[in-house]
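Residues per chain, in single letters:
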Amino acid sequence: MSPSASLREIALTPVRVVMGLIDAPLRALQKRTGLSGMALFFLAPNMLIFGIFVLLPLAINFVYSLTGGSALFLPDRSYVGGNQYERLFDCSSYLDPLTCQEDAFWTAVSNTFWFVVLQVTFMILAALVTALILNRNLAARSFWRAVFFFPVLLSPVVVGLIWRWILQRQGLLNFILYPFGVEPYTWLTDRMWSFTAAVGVSLWAHMGFYALILLAGLQAIPKDLYEAADMDGTRPARVFWRITLPLLMPNLIVVIVLALIRSVQVFDEVYILTGGGPGTSTLFLTQYIYETGFVSQPRNPGLAAAASILMGLVLVVLTLLQLGLGRRGENKGKR
Amino acid sequence: MGRTIGFILRRRGGKFWHWTDIVTWVWLIGGLLIMFGPALWLIFSSFKTPAALAEFPPSILPYASQQVTVQGYDKPLVLYDVTLPDGTTKKLAEVRRIGLFSQMVDPQTPGEPIRVSINDRKPVRALSFATENYTEPFVHFDFFRYLGNSVFVTVMATLITLVVNSMAAFALSKYEFRGRSFAMLIILATLMVPLSVIMVPLYSIISTLGLFNNLWGVILPTVATPTGVFILRQYMLTIPDELIDAARMDKASEWQIYWRIVLPLTAPALAVLAIFSVVWRWNDFLWPLIVLSRKELYTLQVGLSIYSGELNVQWHFILSMTVVTMIPVVLVFIFLQRFITTGIAGTGLK
């Protein structure tokens, strides 16, 4: 026996002992319940945890949104009907957040809207270009793929801190711009620049993920189609519009909807980067929910729950959109 | 050599550079700089002293002013290159600075201090790594504890995820029972339920269970991942049922079938899920931030965010802690990247 195999034996022995010990009572259980009983036994731990920590919260979230006060536990809270929703929607003009009673909520909604529009647009464009380039006949393709994928694994806190460090006054960006005569600037204290940075940093952090899915889609396109086009002397632009893009469509739709869903929930890296500021210029929906429910004094779980349900509705619509479009895309691919 | 370069830089046919070749290389080189540059800048910066961090324009590599101990002075003095009135330069140590002038002594022959205009002196600097940025946080910030908490959460959550998800996937792929499609539907429907939608009620449930300010309160809500069940079930569906039937004939119990036959055959999918789970749990931020309010329970991510949010940010410590926080993920990236990329490309899950 090779040394590594015997090492593995030693490491696995305790596992074997435990699994063997569990086996006896489970055999007894199996005798009494039969096969379908065992199926439920296997399913139970996952469903129990899932039920307590996902399904139950989903259900009581609605109840929370109908109650008021700052108490945390449901029995201590008073029923207020639709007051929380009324408060969220109490606006003289929906286009101007400052005319609303909950101006922070509408600021967050409008910030999130513009963030989603800008981030997803640039994300898809950059991911598509990256995927097309990585799909070319490159040397060391897996290296280049890794280059673009690298930031995807970094934690949002690390991403936020890296860029906060770069965008500060003595940072790398000012250092690079210095020779061009740009005075050192604290980028994150400027409303417009800090929003731009939020979009840019989240692009940097997630673009590789979408590029990877698109690359997989490109590689699944049969090569003989390109060979045939080559023999016919088809122009490259025409090949792209007539072969590549239509066949990539199912993946592109998945990527767009996935990017939309993630983008609506933007929080971690931007929160670390800007803390929502300066002012409320980078305050997004998740941060509004978090701060309303947990940080503000007095905290308002009912209002936070109502806002989170509204956000959940947007996500449900997007998910249904994906399921619908995805099915159509699949059929297209088959034909 | 020429052929190697020719191979690396091969073009879209023909002798001349097509515009797409130029775009490709601009994009690739630009990508290389933009994707790796920030992380490298972080690593270089993390070795700088607080004084070097406050400089502008900054140096790329960590430099520090050199100091010497001079006879007759208690503290080490900073060394400068001084241009003397006669045009020669000399290494002198600064005793103190008075307005626009500084008093300097020659380290070799410390005698009367020389008065020098501060415009005529430049600090002598050498490459030096401020490793105390890495050692001091362990003493000052309970950094070991945060590291330990993060490792505990990551390892426990991943182990439990693997066990409960694989059991559920086994039930959903290898048994016929009433309610199976309903269970599958629930799992698929909640694939997209994000934390931000349920954080208020989830927090009250955690508190009711007494798991507030408890690492298990961070671990438990994350372990029953629909994603994991989904990946494992898809993989287990490819295991032939005949294997299981044969084992039943040999009087194997269902439990034995699960852990002696199905689990070993699912190893590749388990590996992918394990890698994902480690990265997810290591990087988790918002939920630990809500559940953990006592300092000694912070995970690395929470600790970093709290210390970087302070009024006087001690950047030299924050940067080095950020680098340490990055290490496990970078290791995963270097050694296991292939699993992750195929996992994402195959399932579209993150």
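Just so we're clear, the structure is a prediction, and the values are computed from it rather than from any experiment.

1. Things to note about the overall build of chain B
Next up, step 1: Scanning chain B from terminus to terminus reveals 15 helices and eight strands.
Next up, step 2: Radius of gyration (C-alpha) of chain B: 30 Å, far over the 20 Å computed for a compact globule of 350 residues.
Next up, step 3: Residue pairs at least 24 apart in sequence account for 63% of intrachain contacts in chain B once pairs closer than 6 positions are excluded.
Next up, step 4: Of the roughly 17,300 Å² of accessible surface on chain B, a fraction of 63% belongs to carbon and sulfur atoms.

2. Describing the domain arrangement of chain B
Residues and elements named next belong to chain B.
Next up, step 1: Annotation of chain B at the domain level lists domain 1 (2–45), domain 2 (67–123) and domain 3 (141–347).
Next up, step 2: Measuring from the centre of the C-alpha atoms in domain 1 to the corresponding centre in domain 3 gives 36 Å.
Next up, step 3: Listed per partner, the contact involves four residues of domain 1 and four residues of domain 3.
Next up, step 4: Considering only the surface of domain 1 that becomes buried against domain 3, L42, I43 and S45 emerge as the three largest contributors, covering 83% of it.
Next up, step 5: Applying the counting criterion to the domain 1 and domain 3 interface returns zero salt bridges.

3. What about the packing of aromatic side chains?
Next up, step 1: The tally for this structure, following the rule as stated, stands at 39 aromatic pairs over all chains.
Next up, step 2: Ring geometry for F115 of chain A and F284 of chain A: centres 4.9 Å apart, planes at 55°, overall tilted. Of the two residues, F115 of chain A sits in helix α3 (residues 103–134) while F284 of chain A sits in the loop between α10 (268–274) and α11 (285–295), which places them 169 residues apart along the sequence. Accessibility assignment for this pair places F115 of chain A and F284 of chain A in one class, buried.
Next up, step 3: Three or more aromatic residues joined by ring pairs form one cluster here, namely F267, Y271, Y290 and F294 of chain A together with Y203, F212 and F285 of chain B.

4. Thoughts on the pairing of strand β4 (residues 89–98) of chain B
When a strand is regular, its side chains alternate between the sheet's two faces.
Residues and elements named next belong to chain B.
Next up, step 1: Sheet topology note: the strand β3 (residues 77–83)/β4 ladder contains five bridges and is antiparallel. When the bridges of β4 are listed, L79 appears paired with A93.
Next up, step 2: Hairpin connection, β3 to β4: the antiparallel pair is bridged by five residues, and G87 has positive phi, about 95°.
Next up, step 3: Strand direction decides the pairing type here: β4 and strand β5 (residues 101–105), joined by five bridges, are antiparallel.

5. Describing the interface of chain A and chain B
Next up, step 1: Listed by partner, the interface residues are 103 residues for chain A and 104 residues for chain B.
Next up, step 2: Buried surface at the junction of chain A and chain B, summed over both partners, amounts to about 9,300 Å²; 78% is from carbon and sulfur atoms.
Next up, step 3: Considering only the side of chain A, the residues that lose the most area to chain B are F42, F53 and W165 of chain A, jointly responsible for 9% of the buried surface there.
Next up, step 4: Counting across the interface, chain A meets chain B through one salt bridge.
Next up, step 5: Viewed at the interface, chain B and chain A are joined by 16 residue pairs in polar contact (both at pLDDT 80 or more).
Next up, step 6: Among the elements that line the side of chain A that touches chain B, the one with the most residues is helix α1 (residues 3–65) of chain A, at 31 residues.
Next up, step 7: Counted by class, the side of chain A that touches chain B contains 74 nonpolar, 19 polar and 10 charged residues.

6. Section: helix α2 (residues 19–45) of chain B
All names here are of chain B.
Next up, step 1: Its 27 residues place the ends of α2 38 Å apart at the C-alpha level, agreeing with the 39 Å of an ideal helix rising 1.5 Å per residue.
Next up, step 2: Along α2, the sharpest change in direction is near 40° and occurs at G37; proline P38 comes one to four residues later.
Next up, step 3: Within α2 the residues assigned to the buried category are T20, D21, T24, W25, L28, G31, M35, P38, A39, W41, L42 and S45.

7. Description of the side chain of T67 of chain A
Residues and elements named next belong to chain A.
Next up, step 1: Mapped onto the secondary structure, T67 falls in strand β1 (residues 67–68).
Next up, step 2: Here the side chain of T67 touches Y64 through a polar contact of 2.8 Å, landing on its backbone oxygen.
Next up, step 3: Discounting residues that sit within four places of it in the chain, T67 has contacts with L74, R77, S78, Y79, V80, Q84 and G302.

8. With respect to the domain arrangement of chain A
Residue and element names in this part refer to chain A.
Next up, step 1: Domain boundaries assigned for chain A yield domain 1 (3–65) and domain 2 (95–334).
Next up, step 2: Facing four residues of domain 1, the contacting portion of domain 2 comprises six residues.
Next up, step 3: Considering only the side of domain 1, the residues that lose the most area to domain 2 are N61, Y64 and S65, jointly responsible for 85% of the buried surface there.
Next up, step 4: Between the two partners, domain 1 and domain 2, sit one residue pair in polar contact (both at pLDDT 80 or more).
Next up, step 5: For the side of domain 1 that touches domain 2, the residue count by class is two nonpolar, two polar and no charged.

9. Description of the environment of N119 of chain B
Residue and element names in this part refer to chain B.
Next up, step 1: Position of N119 relative to the elements: it lies in the loop between β6 (114–117) and β7 (121–123).
Next up, step 2: Given the relative accessible area of 67%, N119 is considered exposed.
Next up, step 3: Separated by 18 residues in the primary sequence, N119 and F101 have C-alpha atoms spaced 8.5 Å apart.

10. Things to note about the pattern of salt bridges
All names here are of chain B.
Next up, step 1: Under the criterion given, the structure shown has eight salt bridges over all chains.
Next up, step 2: Of the charged contacts in the structure, one is a salt bridge between R281 and D284, with a shortest N-O distance of 2.9 Å.
Next up, step 3: The exposure class of R281 is buried, given its relative accessible area of 11%.
Next up, step 4: Three or more residues are tied together by salt bridges with common partners; here these are D245, R248 and E254.

What counts as what
Residues numbered from 1 in each chain as written. Chains lettered and ligands numbered in written order. Predicted model: local features only at pLDDT ≥ 70, side-chain atom pairs only at ≥ 80, totals over all residues. Heavy atoms only, no water. Helix = DSSP H or I, 4+ residues; strand = E, 2+ residues; numbered from the N terminus. Rg over C-alpha atoms; globule rule 2.2 N^0.38 Å. Contact = heavy atoms within 4.5 Å. Areas by Shrake-Rupley, 256 points an atom, 1.4 Å probe, with all protein chains shown as cover. Domains from an automatic or database assignment. Buried area = accessible area lost by both parts, 1.4 Å probe. Salt bridge = Lys/Arg side-chain N within 4 Å of Asp/Glu carboxyl O. Phe/Tyr/Trp six-rings, centres within 6.5 Å; stacked < 30°, edge-to-face > 60°. Buried < 20%, exposed > 50% of the residue type's maximum accessible area, 1.4 Å probe, protein only. Pairing = 2+ DSSP bridges. Polar contact = N/O pair within 3.5 Å; in protein donor to acceptor, adjacent residues only side chain to side chain. Nonpolar A, V, L, I, M, F, W, Y, C, P; charged D, E, K, R; others polar. Expected span 1.5 Å × (residues − 1). Bend = angle between axes of the 7 residues up to and from the residue.

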